[in-house]
Amino acid sequence: MKERMPPLQGLYYFYVACQQGSFKLAAEQLFVSAAAVSQQIRQLEEWLNVDLFVRQHRKVQLTAEGVLLFEQAKKGFTHLQEGIRLINTDPNPKQLSVSTLPSFAQHWLVPRLTEFKSRYPHIALLLEPTNQLITFDDSRIDLCIRYGRGNYPNIESQWLMDDVMYPVCHPIYRQQHNIQTLADINQVELIEDTWPDMDWASFLHNLGLKGGQSTLKYDGSHFVLEGALAVQGVALVKHSLAARYIKEGKLVRIGNTALKPRYSYYMCAPAGYFRREKVQLFRQWLLDEIANFQCAYPLTGIDVISHIE
């Protein structure tokens, strides 16, 4: 038979009253009235069907049952307080472990990490590029950067930035195939990611265009981008990953239209992890870098269309 638990609020008020030696002092610590403490303890006594205190004129004294319950309550609340302390304590404050997508790591995050290390040399950074979602149940990861809707179970998600995607290719490929507009891509190699929202069919449909089917697929945006850089065809890429290559002249954008996907970038971790100092420092640095990126690579002259569900 499943055992019932007594009212936890009454049990905690009882525990504090025992520690303080009076209902009045317990009330001051709990920021309630002495009458509220007395009422909670009375309800606990009624639930247990025993007297826990002998109430005298100016003081209260534990009964034998009260002494027994206090000893067990002290053990229980001590263990609870230790558990709470462990949750909020960073086991490794000098190392920050970040999990993120390989594409974001390679083409956006890694080139910027020198600035983070310069600003916070006391923090050792461990970067784990992976497409696998981290559960944090048995992981030493401090936080994840993910591309999605931000609705991961039992995890707090903090929005970082939106993105857009558009077609690009190597300048040599563009010249070889005389590609000037999106209308010219029907007879060329089309490269796409196997992840949702990154396919040519969806992109063209949202732009109200027809034709063009992918002939080369990669599992990961970093491979798609590398394919474009390797003169393999016209690739559908995220602005966050391709912007610097366009500025450097290694890639050229086809057309002046971009699609805003359904997904965005999020920083994800259990809520308590966001209270860790190293996570707060990394988060602020990351937001600063995102702001710098958006200033350095604005979507000037690009018509952005939102994804149609």
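Residues numbered from 1 in each chain as written. Predicted model: local features only at pLDDT ≥ 70, side-chain atom pairs only at ≥ 80, totals over all residues. Heavy atoms only, no water.

- Going by an unreviewed UniProt entry, the protein chain carries the name Glycine cleavage system regulatory protein and comes from Vibrio navarrensis.
- Listed under Sequence similarities (unreviewed entry) in UniProt, the entry text for the protein chain is "Belongs to the LysR transcriptional regulatory family." (UniProt positions renumbered as here; feature names shortened; annotations may be inferred.)

### Remarks on the nonpolar core
Nonpolar side chains tend toward joint burial in soluble globular proteins.
Step number 1: With 51 residues, the main nonpolar core has Trp-108, Leu-109, Leu-143, Ile-145, Phe-282 and Leu-286 as its most contacted residues.
Step number 2: Per element, the largest residue contribution to this core is seven residues, and it comes from helix α11 (residues 277-296).
Step number 3: Residues lining this core come from more than one domain, with at least three contributed by each of domain 2 (95-162 + 264-296) and domain 3 (165-260 + 299-306). (Core = buried A, V, L, I, M, F, W, Y, C linked by side-chain atoms within 4.5 Å. Buried < 20%, exposed > 50% of the residue type's maximum accessible area, 1.4 Å probe, protein only. Helix = DSSP H or I, 4+ residues; strand = E, 2+ residues; numbered from the N terminus. Domains from an automatic or database assignment.)

### What to know about the pattern of salt bridges
Charged atoms that come close allow side chains of opposite charge to pair.
Step number 1: Per the counting criterion, the structure on display carries nine salt bridges.
Step number 2: Put simply, Arg-42 and Glu-45 hold a salt bridge, and the shortest N to O gap is 3.4 Å. Taken together, the residues span about one helical turn, with Arg-42 and Glu-45 both in helix α3 (residues 34-48) at a distance of three residues.
Step number 3: With a relative accessible area of 36%, Arg-42 lands in the partly exposed category. (Salt bridge = Lys/Arg side-chain N within 4 Å of Asp/Glu carboxyl O.)

### Some remarks on the pairing of strand β13 (residues 264-269)
Step number 1: The element β13 is extensively covered by neighbouring structure, given that six of its six residues are classed as buried.
Step number 2: Alternating positions in β13 separate into two faces, Ser-264, Tyr-266 and Cys-268 on one and Tyr-265, Met-267 and Ala-269 on the other, with burial throughout.
Step number 3: For strand β5 (residues 143-148) and β13, the ladder comprises five bridges, and the chain directions are antiparallel. Pairing of Gly-148 across the sheet is with Ser-264, part of β13.
Step number 4: Here five bridges tie strand β6 (residues 156-161) to β13, and the two strands are oriented antiparallel to one another. Looking at the pairing, Ser-157 lines up with Cys-268 of β13. (Pairing = 2+ DSSP bridges.)

### Points about the packing of helix α1 (residues 8-20) against helix α2 (residues 23-30)
Step number 1: Where α1 contacts α2, the two axes come as close as 8 Å, and the packing angle between them is 120 degrees. On the basis of their axis angle, the class for α1 and α2 is oblique. You can see that α1 and α2 cross each other, and the crossing is right-handed. Taken together, the residues of α2 that come into contact with α1 (itself represented by Tyr-12, Tyr-13, Val-16, Ala-17 and Gln-20) are Phe-23, Leu-25, Ala-26, Gln-29 and Leu-30.
Step number 2: Among the residues forming the contact of α1 with α2, the class breakdown is eight nonpolar, two polar and no charged. (Axes fitted to C-alpha atoms, helices over the stretch in contact; angles between N-to-C directions. Parallel < 35°, antiparallel > 145°, perpendicular 65-115°, else oblique. Left-handed = near helix turned anticlockwise from the far one by under 90°. Contact = heavy atoms within 4.5 Å. Nonpolar A, V, L, I, M, F, W, Y, C, P; charged D, E, K, R; others polar.)

### Overview of the sheet that holds strand β4 (residues 124-129)
Step number 1: Read across the open sheet, the five strands follow the order β4-β3-β5-β13-β6; overall the sheet is mixed. In the strand order of this sheet, the two ends are held by β4 and β6, each with one partner. The average undirected angle you get between the axes of adjacent strands in this sheet is 25 degrees.
Step number 2: Of the strand pairs in this sheet, strand β3 (residues 95-100) and β5 are connected by three bridges, and their pairing is parallel. Pairing of Ser-99 across the sheet is with Cys-144, part of β5.
Step number 3: Its contacts with the sheet place α11 against β3, β5, β6 and β13, and it is angled at close to 25 degrees to β6.

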